[in-house]
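One-letter residues, chain by chain:
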Amino acid sequence: AQEKKIFMVQGPYPIIRRLLRARGWVERKVPCTGRQLEQQSGDRGKQRLRTGPSSGGGRQREEEEQCDEDPSGIHDLMSYLARDQLPNFIWTNFLEAVDRQLLQEDSVLNHYARVDAFTTKEGLCLSLQNLPWIEQADPNTFFPRCYRLGTRDDREAFIEDFCLTAARSLLKLALEEAGDRPARTEQVPNSAKGEGESHISHPKHSTARPGSPLYPELVEEALEVCKQHLGVLQHEDIDRNTPSPCRTCIDWDHFLLQYYRVAHEGAGLVLTREQRKQCQNLLQSLAEKLPQLDMEGKLNVWILKPGAESQGRGIICMTRLEEMLQLAWSCTAPSVQVGRWVVQKYVERLLTIFGTKFDIRQWFVVTDWKPLTVWFYQDCYLRFCSRPFSLHHLERARHLCNVSVQKWYKTSPDQDSRVPPDKIWSNEQFQEYLAQLGQADAWHKVLVPGMKAAILNALRSARDRVRFRKGNFELYGADFVVGEDYQPWLLEINSCPTMSPSSAVTRRLCANVQRDTLCLVLDRKDNPTCSIGAFELLYKE
């Protein structure tokens, strides 16, 4: 106790316990049970308990028992002697579990308060909306457009965005149907192709297939809307009172109904030579103003997320405006408050591996907020879906990469056999795959710099809302998807990334990041030149 080496661990962290004991630290046992903690922590604590690490729970308990083996009883004896000592280091899976009376002035705790400003979907959405006022950075270059449906201004902005995206998407579909370029396969396997897929006319015939309706006025309406929107974008710095193109005389209900038929039901379009030229020029001009024009695709898919949930709970992909608004207000998902939904543009033009969607879990640590000090972990891992990627089939097994979601699905028969059975890859395996594609430089020149910039911008956008305490630190897990151009898109940041291994890769990496985090926040205090493993300093003000 005189050496200030009393620690407390709450939650499934056997590796942290083992590493601290190996350093000569003595554990003060958590005084109350999980049920008592729930009762003490209130509703928010209950939610965080539910959303804590859960995958691989059986294996985790087994490992914890193994790590807690104490044949001589020495650790239990030392813990008994330390039962009245205040801990100097606390590692817990959620902040609300910590009894404030246990904190000393120099105690080290692995959480900050009010990080929901960037670790909830709703908080990150709001913080990044404010980013341009704080930094010279555009969130649209790394964070898919996102709106909080519980606020009127955001809801109206989303409705306008959905309509404008439909108009742009229609121009893309019209060009594709006219044979401007080969149809993108969207990497859909044969068995996943269904009636919803658009058919492409021969370049020389600007006609739809027999029996399908024609909508010659649709392209004209879409062109007019996009022209007006381009005008707003070109003059927004001059006149912010320019009327929105969504307030024009176009009948949006009628337009969207017809757009759905073209995008999702295979109805055809007629495109004149002049319209084709206009579509090309207009989309090219819009691309210069809209960083997400390419990644947004042409089917107007959006993803609805409960604002404060984790592990993929309640998330659903949708394509129809009225259904999204209805769902957000029907509160059909358990534990989701009315209006606490966010809706985000789905990245339609994704890089897939063997025809399968994946995302990247990337760790980083904040050791101070004033000055902001951020450490980036140079190892990460990929999480695969269980079924081949398809924008015409929007079920969770194809589109949500969370381990806690995918563990409920068996790999489908039409899945490429090269997708790993445990649905996890290391970043080394991913780099080897990129090299096979002839894109060996994409990792270090595009992906890593993009992830670093996105993380830093997210932290800067939320820093004024975080309540920080000197001496504390926090390990976070950021989730990214990768576009066809290898650009990473930030989806969310998790304040309590799971350390429960679901594969051989994550067993190794999760153990390593816990080891290196302790080196960073404990050993480095006494020895600034000690090894901090795979951590590198990303930023220090």
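Residues numbered from 1 in each chain as written. Predicted model: local features only at pLDDT ≥ 70, side-chain atom pairs only at ≥ 80, totals over all residues. Heavy atoms only, no water.

The protein chain appears in an unreviewed UniProt entry as TTLL3 monoglycylase from Motacilla alba. The heading Subcellular location (unreviewed entry) in the UniProt record of the protein chain holds the text "Cytoplasm, Cytoskeleton, Flagellum axoneme". (UniProt positions renumbered as here; feature names shortened; annotations may be inferred.)

(A) How the structure looks around the overall build of the protein chain. Secondary structure summary: the protein chain contains 17 helices and 14 strands in total. Buried positions account for 55% of the 541 residues belonging to the protein chain. At a minimum sequence separation of 6, the contacts of the protein chain that also span at least 24 residues come to 73%. (Helix = DSSP H or I, 4+ residues; strand = E, 2+ residues; numbered from the N terminus. Buried < 20%, exposed > 50% of the residue type's maximum accessible area, 1.4 Å probe, protein only. Contact = heavy atoms within 4.5 Å.)

(B) Region of interest: helix H12 (residues 321-330). Residues of H12 that are buried include every one of Leu321, Met324, Leu327 and Ala328, and no others. End-on, the buried residues of H12 take up no more than an arc of 135 degrees, which puts them together on one face. At its buried positions, H12 is contacted by helix H8 (152-177), helix H10 (252-264), strand E6 (302-306), strand E7 (316-318) and strand E8 (341-345). (Arc of directions from axis to C-beta.)

(C) How the structure looks around the sheet that holds strand E1 (residues 6-10). Taken together, the 4 strands give an open sheet; going across it, the order is E2-E1-E3-E4, and neighbouring strands pair in parallel fashion. Lying at the two open borders of the sheet, with one neighbouring strand each, are strand E2 (26-27) and strand E4 (108-109). Of the strand pairs in this sheet, E1 and strand E3 (residues 89-92) are connected by 4 bridges, and their pairing is parallel. Note that in E3 the partner of Val9 across the bridge is Trp91. Most of the contacts of helix H1 (residues 14-22) go to E1, to which it runs at about 170 degrees, and overall it touches E1, E2 and E3. Docked against the sheet, helix H17 (residues 504-526) engages E3 and E4, running at close to 170 degrees with respect to E3. (Pairing = 2+ DSSP bridges. Axes fitted to C-alpha atoms, helices over the stretch in contact; angles between N-to-C directions.)

(D) Region of the structure containing the pairing of E3. Every second residue of E3 is oriented toward a common face, with Phe89 and Trp91 on one face and Ile90 and Thr92 on the other, all of them buried. Relative to E4, E3 runs parallel, the two sharing 2 bridges. Across the sheet, the residue bridging to Phe89 is Val108, located in E4.

(E) Inspection of empty space enclosed by the protein at higher detail. Taken as a whole and assessed by the stated rule, the structure comprises 5 cavities of 30 Å³ or more. One number sums up the size of the largest cavity: a volume of about 240 Å³. Forming the boundary of the largest cavity are 20 residues, of which Ile303, Lys305, Lys357, Leu400 and Leu491 lie nearest the centre. When residues of the lining of the largest cavity are traced back to their parent elements, those giving at least two are E6, E8, strand E12 (474-482) and strand E13 (488-494). Residue composition of the lining of the largest cavity, by class: 10 nonpolar, 3 polar and 7 charged. Here the lining of the largest cavity gathers at least three residues from each of two domains, domain 2 (116-143 + 349-540) and domain 3 (145-178 + 212-346). Lining the second largest cavity are 13 residues, and of these Tyr13, Trp91, Asn110, Leu475 and Pro497 lie nearest its centre. Residue assignment for the lining of the second largest cavity shows that the elements contributing at least two residues are E3 and E12. Residue composition of the lining of the second largest cavity, by class: 7 nonpolar, 5 polar and 1 charged. Structurally, the lining of the second largest cavity is a two-domain feature, drawing no fewer than three residues from each of domain 1 (1-30 + 69-109) and domain 2 (116-143 + 349-540). (1 Å grid on protein atoms, 1.4 Å probe; cavity = no way out; pocket = protein on both sides within 12 Å on 5 of 7 lines; lining within 4 Å. Points joined across faces, edges and corners; volume = space filled by probe spheres on them. Nonpolar A, V, L, I, M, F, W, Y, C, P; charged D, E, K, R; others polar. Domains from an automatic or database assignment.)

(F) Quick look at the sheet that holds E6. Pairing is antiparallel in the open sheet, where 4 strands are placed in the order E5-E8-E6-E7. Strands with a single pairing partner mark the edges of an open sheet, and in this sheet they are strand E5 (146-148) and E7. Across the sheet, the axes of successive neighbouring strands diverge by a mean angle of 25 degrees, strand direction being ignored. Sheet topology places E5 next to E8; 3 bridges connect them, and they run antiparallel. Each residue of the ladder has a partner; that of Arg148, found in E8, is Val342. Relative to the sheet, helix H6 (residues 121-129) contacts E5, E6 and E8, its axis offset from that of E5 by approximately 115 degrees. The strands touched by H8 are E5, E6 and E8; relative to E5, the strand with the most contacts, the crossing angle is about 145 degrees.

(G) Highlighting the nonpolar core. Counting 86 residues, the largest nonpolar core has Phe89, Phe118, Ile360, Phe430 and Leu490 as the members making the most contacts within it. With 11 residues, the single largest contributor to this core is helix H16 (residues 442-462). Built from parts of two domains, this core gets at least three residues from each of domain 1 (1-30 + 69-109) and domain 2 (116-143 + 349-540). With residues near it in sequence (within four places) discarded, Leu490 still touches Leu124, Phe142, Phe143, Pro144, Gln344, Ala454, Ala458, Ala478, Asp479 and Phe480. Counting 63 residues, the second-largest nonpolar core is a separate cluster that includes Ala178, Ala263, Leu282 and Met324. (Core = buried A, V, L, I, M, F, W, Y, C linked by side-chain atoms within 4.5 Å.)

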